[in-house]
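Here are the chains, one letter per residue:
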Amino acid sequence: MTFQQIQYIIEISRCGSISKASKNLYVAQPYLSKLLKELEEEMGITIFNRNIKGVDLTDEGKEFINHVRPLLEQKKKIIEMYSQHKTNPTMYAAVSTQRYPFVIKAFIEFFKEKITDKFEIHIREVGMYKVINDVYSKRSTIGIIFISELTEKFLKKVLASKDIEFYEIVKLTPCVFFHKNHPLAQKDEISINDLYDFPFASFEEDASSSMDFAEEFLLYDFNLIEKKIFVEDRGTMINILTNTRAFSIGTGILPTGYAGPEIISKPIIQYKDEIRLGWIKLSNTKLDNGMDLFIENIKNTVSETIKNLN
């Protein structure tokens, strides 16, 4: 296996087509197909399923990509670090997080404090399953997730199996998010029974993921909710909550300027302090490039937002 093969496989995955990838890479399609076949034979796996529209990653292929993508990123970092033509070091930082606006606010503050003349920063808003895999595959240095009473046993086993450590930042009471003119907006606290008449908007997880990886705080009686809307990105979620009577459930941390201006949050009565917000990293690894500062910024952002709410 060579770096060139890895680069080509990732490009095929991005394009979803060997022919499109060959054009982007300026190589002949038969040659690219030959390299793909050789790599699959060498690894003893099938990376792509072929179809009339192009190619799709197999489960083995997805796992393979997760493992090899960081190799290219590490190669790039090493070349930049030791290049004779560099006059100043390049700052590199990579963070994966569940879709939390307060993390983005903390990241902006981190960016302002740590910025250098040359930098490469990756901030990835993804579902919990991908956050954990990004940290496990070293695609990201740290990840931001939450653990609840309902998911704690399962998630601790998952993290232990991947040699990942969880560090708690704060305990929070789960909150309902909805438009400021929502019929329930006048209530100081929300009961689960209040919600059944309204659509529940949540982030769609990978089909292979367990419900324990859900983006939202899980309700014990989730199946009783008959109206559900699934979205994939935070922008769509904000639009849904702003323009419908739908609700979502999360941390309740909505820093000004980083979430929909017309969206508010209200605590859920039955689940006090059941969200354990925290960050994860691989065991026996040290934080670098100011990640400790970034984590401190998250703590400060959460603390300030909660103070303002009270």
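Above this text is the structure in question.
In this numbering scheme, every chain counts its residues from 1 along its sequence in written order. Since the coordinates come from a predicted model, pLDDT governs what is reported: local features require at least 70, and pairs of side-chain atoms require 80 or more to be given and counted, while whole-chain, interface and lining totals use all residues. Computation of side-chain values covers all heavy atoms of the structure but excludes hydrogens and water.

Below, the discussion takes up the overall build of the chain. Only runs of H or I of at least four residues qualify as helices and only runs of E of at least two qualify as strands under DSSP, and these elements are numbered from the N terminus. The number of helices and strands found in the chain is nine helices and twelve strands. Relative accessibility thresholds used throughout: buried, under 20% of the residue-type maximum; exposed, over 50%; partly exposed, between the two (1.4 Å probe, protein chains only). Taken across its 310 residues, the chain has 47% of its residues classed as buried. The criterion used for residue contact is that any of the two residues' heavy atoms lie within 4.5 Å. Considering only contacts in the chain between residues 6 or more positions apart, those separated by 24 or more positions represent 76%. To measure how exposed things are, a 1.4 Å probe is used in the Shrake-Rupley method; for residues, cover is taken only from the protein chains shown. For the chain, the exposed surface amounts to about 16500 Å²; the carbon and sulfur share of it is 50%.

Basic side-chain nitrogens of Lys or Arg form a salt bridge, by our definition, when they fall within 4 Å of a carboxyl oxygen of Asp or Glu. According to the stated counting rule, one finds eleven salt bridges in the structure shown. The partner of glutamate 125 in a salt bridge is arginine 234, with the nearest N and O atoms 3.0 Å apart. With glutamate 125 in strand S4 (residues 119–125) and arginine 234 in helix H8 (residues 234–243), this pair connects stretches of sequence that are 109 residues apart. Given the relative accessible area of 27%, glutamate 125 is considered partly exposed. Given the relative accessible area of 18%, arginine 234 is considered buried. In this structure, the salt-bridge partner of lysine 156 is glutamate 152, at a minimum N-O distance of 2.9 Å. Separated by four residues within a single helix, lysine 156 and glutamate 152 lie in helix H7 (residues 152–161), roughly one turn from each other. Owing to a relative accessible area of 45%, lysine 156 belongs among the partly exposed residues under this scheme. Among the charged side chains, a network of salt bridges with common partners joins Glu152, Lys156, Glu168 and Arg276.

Right, let's get into helix H1 (residues 3–15). By definition here, a helix of n residues has an expected span of 1.5 Å times n minus one. Compared with the 18 Å implied by 1.5 Å per residue over 13 residues, the 18 Å span of H1 between its first and last C-alpha is a close match. Glycine 16 sits one or two positions beyond H1 and adopts a positive phi of about 70°.

Right, let's talk about the side chain of arginine 99 for a bit. Tracing the sequence through the fold places arginine 99 in the loop between strand S3 (91–97) and helix H5 (101–114). Overall, the relative accessible area of 12% leaves arginine 99 in the buried class. Any N or O atom pair separated by 3.5 Å or less is treated as a polar contact, with the protein-specific requirement of one donor-capable and one acceptor-capable atom, and with residues adjacent in sequence counted only for side-chain atom pairs. Within the structure, the side chain of arginine 99 is placed 3.1 Å from the backbone oxygen of glutamate 232, a separation counted as a polar contact.

To continue, consider the nonpolar core. In this structure, Phe102, Ile142, Ile144, Ile280, Phe294 and Ile298 are the most contacted members of the largest nonpolar core, which totals 36 residues. For this core, the secondary-structure elements that each account for two or more residues are S3, H5, helix H6 (128–136), strand S5 (142–148), H7, strand S6 (164–172), strand S12 (275–282) and helix H9 (291–309). When sequence neighbours within four positions are dropped, the list of residues in contact with isoleucine 144 reads Ser96, Thr97, Gln98, Tyr100, Val103, Val131, Leu277, Gly278, Trp279 and Ile298. Remark: nonpolar core denotes a set of buried residues (Ala, Val, Leu, Ile, Met, Phe, Trp, Tyr, Cys) joined through side-chain atoms within 4.5 Å. If you look at the next biggest cluster of nonpolar residues, it comprises 21 residues, including Val27, Leu36, Leu39 and Phe48.

This is a description of form; function is not addressed.
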